[in-house]
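Topology and contacts: notes
Listed here are the chains, written in short residue letters.
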Amino acid sequence: MSTSGRGLSPEKYEWLQRKLKEFALSPEAWISTLMSYGISGDCLTGRASACPVCGGDDRFTYDNKSGRGDWICRKCNDGYPMAGDGLQLIARANRMGLYRLMCQLDGGSPPPSRARVSTPAPAPKRKADPAFVARRLDGMWSDARPQAVGDLSMRYLQERVPGLTAGSSPSLRLGMLEYRHEKKVLGEWPGIVARFELPEGRLGTLHRTFLDPVKPAKATIVSPDGELLDAKLNDMTLNPLAGGAVRLMSPVDGEIGVGEGLETVYGAFMETGVPAWYCLNRVLLSRFVVPDGLGIKVVHIFMDFDHVDLKTRQSPGVSAGMVLAKRLREQGYTVVLHRPRQRGTDFADQWRSRWIAAHESAPLGRRPAYASRVALAI
Ligand SMILES: [Zn+2]
C-alpha cells in the first residue's frame, strides 16, 4: 500500500504533503467522512471496539485526540500496536493510497502532471454513496460474461496454474473493464471480475484482474507519469469486507479450503483436491468467517509461506493462517493447516514448479494425477 507516497512523482509527492498538512475537519465531519468510507460507526464511539482493519473484539479505540481522526489499535501492525490519523485509517481499511484518497477528498483540481492524457476526467466524487457503488458494481457484474472454456480468463488461469482441472466458477466473470487512475480513464482491458461475498451472502466488492488482450498474462498498465500500475484491484467497496471470500467452488463433504489469492488457491486445489475460496489478502484471510447453511465443518487453510518480516520475526502469511486457525478451532471447526514446502513461495508457485518438473521428465501422454479428490465448480 502506497500510504507513504512512494512511487509518486516529486510534484505529486509535494502536493500530497501540502494537502495532508492543510487537511482539517470538525469532529462531526471526521465521523461522517470515516463512515462514508465504510468505517462502522460502532468503531467511532471513543470506546474500545473491534478494529475496522484487523478485527478482534476490543483492540481499537477512536479518540480523535489531536483532532485529526486519531485512533490506536493494539494489533494493526502485524499483531503489534499501531496508531494513526483518520486518513490513514481510511487508506488502510480500503487498501488505497493516501494520494488517491486525497485526490477524492480534495475534489478540486488534480495535482500537476508532466504528461497529458486525452480522456477527459470524470466528474469529481466527494464520497462514495452506497447506492452509487451498488449500481456501479451490479452494472459491472451484469455486463461481464460467465466464464467459458477457452476464454481469456480460463487461458490466463491455465497459464498460471498449468493443468488446472477446476472448470469455470460461478464467482468469476470476464468483462471489458475501464482502468481508472487518479480520476482518469487510462483505457479498457479485458479482466477477470471476482465476486467477493460476505458470510451472509451480501456483495462486498468486485475484485478485478486486468489481462493482456492477446496473451494469457496480466495487463501491463502504465500511468501517464510512467508508473507501472497494479493489474489487480478491488473496485469500490459496498460493504466492509471482513469475513468474506470469493467462493470459487462448492464445498465437498463439508470441507472447504481458504487462502489469500486467486492463483494461490487454484494451485492449492490442484495440490490437495480440496475445493477452495480466496480472501484477497492475509488480513482478510485472518478474518474469514465460515458462512452458515453450507454444512461446512472442516476448513483447510492454505497459507502463503512468506519470508520473515524483520520487525515481527514471523512469516506474515503463516501468522495470518495461525490467527484464523485459532479462532475457527475455538468455534468448533476442524482446521487443517497447509504450508508450501519452500519459504518464499505460495501454492501456485509450488504446483507450477512440480507440474513443470513432472512434464519435462514424463513421456508425452502420461500425465501424473495429483489431485486426490475432484471437486466440481458448480
Ligand atoms: Zn487493527
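Here the structure is a predicted model, which means the values were calculated and not measured. (Residues numbered from 1 in each chain as written. Predicted model: local features only at pLDDT ≥ 70, side-chain atom pairs only at ≥ 80, totals over all residues. Heavy atoms only, no water.)

**A look at unusual backbone geometry**
Applicable threshold: Helical segments are the DSSP runs of H or I of at least four residues, strand segments are the runs of E of at least two, and each set is numbered from the N terminus. Three exposure classes are used, based on accessible area relative to the maximum for each residue type with a 1.4 Å probe and protein chains only: buried under 20%, partly exposed in between, and exposed over 50%.
Here the phi dihedral of Asn 64 falls at roughly 50°; this positive angle occurs in a residue that is not glycine. Among the structural elements, Asn 64 can be located in the loop between strand 2 (55–62) and strand 3 (71–77). The exposure class assigned to Asn 64 is buried, which follows from its relative accessible area of 15%. The residue Arg 95 is not glycine, and still its phi comes out positive at about 50°. With respect to the helices, strands and loops of the structure, Arg 95 is situated in the loop between helix 3 (86–94) and helix 4 (98–106).

**Some details on the coordination of the zinc ion**
Quick note on the threshold: For Na, K and Ca the donor cut-off is 3.2 Å, while for other metals it is 2.8 Å, and in both cases only N, O and S atoms qualify; water is not among them, so sites may look incomplete. Only two sets of limits are used to name each site, 85 to 135 degrees for every angle of a tetrahedral four-donor site, and over 155 degrees for opposite donors with all other angles from 65 to 115 for a square planar four-donor or octahedral six-donor site, with any other site named irregular.
At 2.2 to 2.3 Å from the zinc ion lie its protein donor atoms, namely Cys 51 (SG), Cys 54 (SG), Cys 73 (SG) and Cys 76 (SG). For the zinc ion, the 4 donor atoms are set out with angles of 103 to 113° between them, so the coordination reads as tetrahedral. Donor residues for the zinc ion sit on one chain with the sequence pattern C-x2-C-x18-C-x2-C. Note that Cys 51 is positioned in strand 1 (residues 49–51) and Cys 73 in strand 3, a separation of 22 residues in sequence.

**Here's the deal with the pattern of salt bridges**
Using the following cut-off: Salt-bridge detection follows one rule: a side-chain nitrogen of Lys or Arg within 4 Å of a carboxyl oxygen of Asp or Glu.
Counted under the stated rule, the structure contains 14 salt bridges. One salt bridge connects Lys 215 with Asp 212, and the closest N-O pair in it is separated by 3.3 Å. Under the relative-accessibility criterion, Lys 215 is labelled partly exposed at 48%. Here Glu 330 and Lys 326 are joined by a salt bridge, their closest N and O atoms 3.1 Å apart. One end of the pair is Glu 330 and the other is Lys 326, both in helix 9 (residues 316–330) and 4 residues apart, which spans about a single turn. A single salt-bridge network, built from bridges that share partners, covers Arg 136, Arg 208 and Asp 235.

**Looking at the sheet that holds strand 2**
Hydrogen bonds along the backbone pair up the strands of a sheet, which may run parallel or antiparallel. The condition is simple: Pairs of strands are assigned from DSSP output, requiring at least two bridges between the strands. Under this scheme, a helix contributes an axis fitted over its contacting stretch, all axes are lines through C-alpha atoms, and angles between N-to-C directions fall in the 0 to 180 degree range. Whether two residues touch is decided by their heavy atoms; if any such pair falls within 4.5 Å, the residues are in contact.
Reading across the sheet, the 4 strands line up as 1-2-3-4 and stay open at both edges, with antiparallel pairing between neighbours. Looking along the sheet, the strands with just one partner apiece sit at the ends: strand 1 and strand 4 (80–84). With strand direction ignored, the average angle separating the axes of adjacent strands in the sheet is 50°. Where strand 2 lies against strand 3, 3 bridges are found, and the strand directions are antiparallel. Across the sheet, Phe 60 pairs through a bridge with Cys 73, a residue of strand 3. Seen against the sheet, helix 3 touches strand 2, strand 3 and strand 4 and runs at an angle of roughly 35° to strand 3.

**Considering the packing of helix 3 against helix 4**
Rule in force here: Any angle between 65 and 115 degrees counts as roughly perpendicular, while under 35 counts as roughly parallel, over 145 as roughly antiparallel, and the rest as oblique. By the definition used in this description, the sense in which the near helix is turned from the far one sets the handedness, with an anticlockwise turn below a right angle giving left-handed and a clockwise turn giving right-handed.
Interhelical geometry of helix 3 versus helix 4 gives an angle of 115° and a closest axis separation of 10 Å. Considering the angle they form, helix 3 stands roughly perpendicular to helix 4. Here the hand of the crossing between helix 3 and helix 4 comes out right-handed. Along its contact with helix 3, which presents Leu 87, Gln 88, Ile 90 and Ala 91, the element helix 4 presents Leu 98, Leu 101, Met 102 and Leu 105.

**Section: the packing of helix 1 (residues 10–22) against helix 4**
Their axes nearest at 10 Å, the elements helix 1 and helix 4 cross at an angle of 60°. In terms of axis orientation, helix 1 runs oblique to helix 4. The crossing of helix 1 and helix 4 is left-handed. Across the interface between the two elements, Lys 12, Trp 15, Leu 16, Lys 19 and Leu 20 of helix 1 pack against Leu 98, Tyr 99, Met 102, Cys 103 and Asp 106 of helix 4.

**Regarding the nonpolar core**
Stated precisely, the cut-off is as follows: By nonpolar core we mean a set of buried residues, namely Ala, Val, Leu, Ile, Met, Phe, Trp, Tyr and Cys, connected to one another through side-chain atoms within 4.5 Å. Residue ranges for the domains trace back to a domain assignment, done automatically or taken from a database.
Leu 172, Leu 248, Val 258, Tyr 266, Tyr 278 and Ile 301 are the most contacted members of the largest nonpolar core, which has 51 residues in total. With 6 residues, helix 7 (residues 262–272) is the largest single contributor of residues to this core. A domain split of this core shows at least three residues from each of domain 2 (130–234) and domain 3 (245–361). Beyond its immediate chain neighbours, meaning those up to four positions away, Tyr 266 contacts Leu 157, Val 161, Leu 164, Ala 166, Gly 167, Ser 169, Leu 172, Leu 248 and Met 249. Ranked by size, the runner-up nonpolar core spans 30 residues in total, among them Leu 20, Phe 23, Trp 71 and Cys 76.

**Notes on the pairing of strand 6 (residues 172–181)**
As paired strands, strand 5 (residues 145–146) and strand 6 are joined by 2 bridges and run antiparallel to one another. Bridge pairing in strand 6 links Pro 146 to Arg 173. Summarising the sheet, strand 6 and strand 7 (residues 184–197) pair through 10 bridges and their orientation is antiparallel. Along strand 7, the bridge assignment pairs Leu 177 with Trp 189. In sequence, strand 6 turns back onto strand 7 through a hairpin of 2 residues, with Glu 182 there showing a positive phi of about 50°.

**Focus on helix 5 (residues 130–143)**
Here is the rule: Helix span, as expected, comes to 1.5 Å for every residue beyond the first. In this description, one arc is meant: the one made by directions from the helix axis to the C-beta atoms.
For helix 5, which comprises 14 residues, the first-to-last C-alpha distance of 20 Å matches the rise-based estimate of 20 Å (1.5 Å per residue) to within 8%. Of all the residues in helix 5, the buried ones are Val 133, Leu 137, Met 140 and Trp 141. All buried residues of helix 5 fall inside an arc of 95° around its axis, so they share one side. Away from the buried face of helix 5 by more than 90 degrees, exposed residues Arg 135, Ser 142 and Asp 143 are located. Elements in contact with the buried residues of helix 5: strand 6, strand 7 and strand 8 (203–210).

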